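# Structural overview for review
If you want the building blocks of each chain, they are given just below.
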Amino acid sequence: MARIEFLKELWDFMRVRKRYWLAPIILIFMLFGLLLIFTETSVVAPFIYTLF
């Protein structure tokens, strides 16, 4: 539940301070994180690591 509260606070911060430009940056970081988590133990992992 702490993650949900953190995301709610982050969204409130962006809404109040008019920092909507942060949303795409945060989204990209979250997608990269998910990509790394899901490819850690898969067959695709060696190919993903060659990109970075």
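Whatever comes next refers back to the structure up there.
The structure contained in this document is the topic of the report that follows.

### Side note on the overall build of the protein
- Helix and strand content of the protein: three helices and zero strands.
- In sequence order, the secondary structure elements of the protein are arranged as α-α-α.
- A globule of 52 residues ought to have a C-alpha radius of gyration of about 10 Å, yet the protein, at 15 Å, is considerably larger.
- Taking the principal axes of the C-alpha coordinates as reference, the protein spans close to 45 × 25 × 10 Å.
- In the protein, which comprises 52 residues, the share counted as buried stands at 8%.
- When the accessible area of the protein is evaluated, it comes to approximately 5,000 Å², of which 74% is carbon and sulfur surface.
- On the protein, the mean spot of the 6 positive side-chain charges and the mean spot of the 4 negative ones are 11 Å from each other.

### Observations concerning the pattern of salt bridges
- Across all of its chains, the model carries two salt bridges by this definition.
- With a shortest N-O distance of 3.6 Å, K8 and D12 are connected by a salt bridge. You can see K8 and its partner D12 sitting in helix α1 (residues 2–17), four residues apart, about one turn around the helix.
- Its relative accessible area of 56% is what places K8 among the exposed residues.
- Judged by its relative accessible area of 25%, D12 is partly exposed.
- Between R15 and D12 there is a salt bridge, and its shortest N-O distance comes to 3.1 Å.

### Some points on a nonpolar patch on the surface
- Among the surface-exposed residues, L27, I28, L31, F32, L34, L35, I37 and F38 lie close enough to one another that they form a single nonpolar patch of about 780 Å² accessible area.
- Note that L34 resides in helix α2 (residues 22–39).
- Take L34: its relative accessible area is 42%, and that puts it in the partly exposed class.

### So, α1
- For α1, spanning 16 residues, the distance from its first C-alpha to its last is 22 Å, which sits close to the expected 22 Å at 1.5 Å a residue.
- With one of 16 residues buried, α1 lies mostly on the surface of the structure.

### What to know about unusual backbone geometry
- Unlike most non-glycine residues, K18 shows phi in positive territory, near 60°.
- Locating K18 in the fold gives a position in the loop between α1 and α2.
- Looking at K18, the relative accessible area reads 59%, which means it is exposed.

### Focus on the environment of W11
- Residue position: W11 is located in helix α1.
- It is 35 Å that separates the C-alpha atoms of W11 and P46, two residues lying 35 residues apart in sequence.

Thresholds, definitions, all that
Residues numbered from 1 in each chain as written. Predicted model: local features only at pLDDT ≥ 70, side-chain atom pairs only at ≥ 80, totals over all residues. Heavy atoms only, no water. Helix = DSSP H or I, 4+ residues; strand = E, 2+ residues; numbered from the N terminus. Rg over C-alpha atoms; globule rule 2.2 N^0.38 Å. Buried < 20%, exposed > 50% of the residue type's maximum accessible area, 1.4 Å probe, protein only. Areas by Shrake-Rupley, 256 points an atom, 1.4 Å probe, with all protein chains shown as cover. Lys, Arg positive; Asp, Glu negative; His and termini not counted. Charge placed at Lys NZ, Arg CZ, Asp CG, Glu CD. Salt bridge = Lys/Arg side-chain N within 4 Å of Asp/Glu carboxyl O. Patch = residues over 30% accessible without salt bridge, like charges linked within 9 Å, V, L, I, M, F, W, Y side chains within 5 Å. Expected span 1.5 Å × (residues − 1).

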